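Each chain, written out:
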Amino acid sequence: MNRDEIIKVLKNPNAEKTKEIFSLADAVRKKSVGDEVHLRAIIEISNYCKESCLYCGLNKNNKNLKRYRLSEEEIFSTALKAFNFGFQTIVIQSGEDPLIKTEFIENVVKRIKDNLDVAITLSLGERNLDDYKRWKDAGSDRILLKFETSDLYLYNQLRGKNEKVHKRVEMLKELRTIGYEIGSGIMVGTPFQSYESLVDDLFLMKELDLDMIAIGPYIPHKDTPLNDKLNSIVVKDPEATTLILVALSRILNPFANIPSTTALSVIDPKEGRINGLKCGANVIMPDLTPEPYKSLYEIYDGKTSSPEWNEISQENLLRSLKMAGRIPSSSKGSRIKKIYPLQ
Ligand code: SAM
């Protein structure tokens, strides 16, 4: 499919064409990365943020949010809990919190790596390259830093920036040279975002040769400025559009790790996760943040409504994977480096 054809499908998805794209994505997924699903545990270590992104509930101007920061002990005990559940990747995430010291993350990473056989993904936002180098030396493996949209004008508007060059895109390239696996992605359906720019996003993700591609629908948050601009949303059905973009990403990037994002499961708690897996995704990232903090990491409305992760959540997840004909991965799930089609 060329650019114009993709734009046409996104604007007017008919059932037959969508089904065709989903089946092709599923077939590519099966052939390239197989039936295994990588389970990654997210620990949200701080909801402080110095940024004022118009879409995000953590933005610094949201005075209705109680802020928290986890201690090293709390992070480690949550990582241990995740490990005991069988998770082989720990994703350490936070708002852009300048009071999280470089040494703090260094110690957390070292402690987890010294004691647990897991991969570590950092999703802490923009930090300087020296921090990222130190955290790599400490043992972290991957970075997740979404560029959110390739449309720099829209990006600057949404994030209150005035960048001439997309800093996050440049950072991703640098982070790869340090030796990290790089993950990035976009939000789908923010006000003013066009279908055309979504196709640019798709091609930029391909060009960056991302190891992990995260595509999630925008979900409004009542205490954010963007909530007043919802009548400027162009993308009619962010959930359906997200699924098509996930499928197209799989077709374009056969070996990338592609999560069925949390936001999909918030929009559709019963089927959202599985829907993502059916159209090309091979990763699920449950939130293991302990209460009372989990309820405070409210980036969008409804994000925090599920209970703290427990045995029942784990059983439900494994059961739904089985019903979908998928199996939990037995590895840490680094990206497979091969050429497609397979010889
Ligand atoms: N501070 C880190 C960063 O900026 O990369 C990680 C935390 S940030 C809250 C994680 C992701 O949440 C963002 O990359 C963005 O895509 C997503 N997000 C924030 N607000 C959202 C919303 N209203 N709807 C959907 N996703 C949202």
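The structure contained in this document is the topic of the report that follows. Because the structure is predicted, anything quoted here is derived from the model rather than measured.

### Focus on the packing of helix α1 (residues 3-11) against helix α8 (residues 195-207)
At a closest axis distance of 9 Å, the pairing of α1 and α8 adopts a crossing angle of 125 degrees. Classified by the angle their axes make, α1 and α8 are oblique. By crossing handedness, the relation of α1 to α8 is classed as right-handed. Touching R3, I6, I7, L10 and K11 of α1 are Y195, E196, L198, V199, D200, L202 and F203, all from α8. Here the residues of the contact of α1 with α8 sort into eight nonpolar, no polar and four charged.

### What about unusual backbone geometry?
Backbone torsion omega between E291 and P292 reads 10 degrees, so that peptide bond is classified as cis. Following the sequence through the fold, P292 ends up in the loop between β8 (283-284) and α12 (311-323). Even without a glycine there, the phi angle at E148 is positive, about 65 degrees. Structurally, E148 can be placed in the loop between β4 (142-144) and α6 (152-159). Backbone geometry at F192 places phi at a positive 75 degrees, although glycine is not the residue there.

### Description of the packing of aromatic side chains
One pair of aromatic rings is described through two measures. These are the centre distance and the angle between the planes. For the structure shown, the criterion picks out four aromatic pairs. Ring centres 5.0 Å apart and planes at 35 degrees place the aromatic pair Y68 and Y293 in the tilted group. Of the two residues, Y68 is situated in the loop between β1 (36-46) and α3 (72-85) and Y293 in the loop between β8 and α12; the sequence distance between them amounts to 225 residues. The class for Y293 is buried, based on a relative accessible area of 18%.

Thresholds applied
- Residues numbered from 1 in each chain as written.
- Predicted model: local features only at pLDDT ≥ 70, side-chain atom pairs only at ≥ 80, totals over all residues.
- Heavy atoms only, no water.
- Axes fitted to C-alpha atoms, helices over the stretch in contact; angles between N-to-C directions.
- Helix = DSSP H or I, 4+ residues; strand = E, 2+ residues; numbered from the N terminus.
- Parallel < 35°, antiparallel > 145°, perpendicular 65-115°, else oblique.
- Left-handed = near helix turned anticlockwise from the far one by under 90°.
- Contact = heavy atoms within 4.5 Å.
- Nonpolar A, V, L, I, M, F, W, Y, C, P; charged D, E, K, R; others polar.
- Phe/Tyr/Trp six-rings, centres within 6.5 Å; stacked < 30°, edge-to-face > 60°.
- Buried < 20%, exposed > 50% of the residue type's maximum accessible area, 1.4 Å probe, protein only.

Read these as geometric descriptors, not functional statements.
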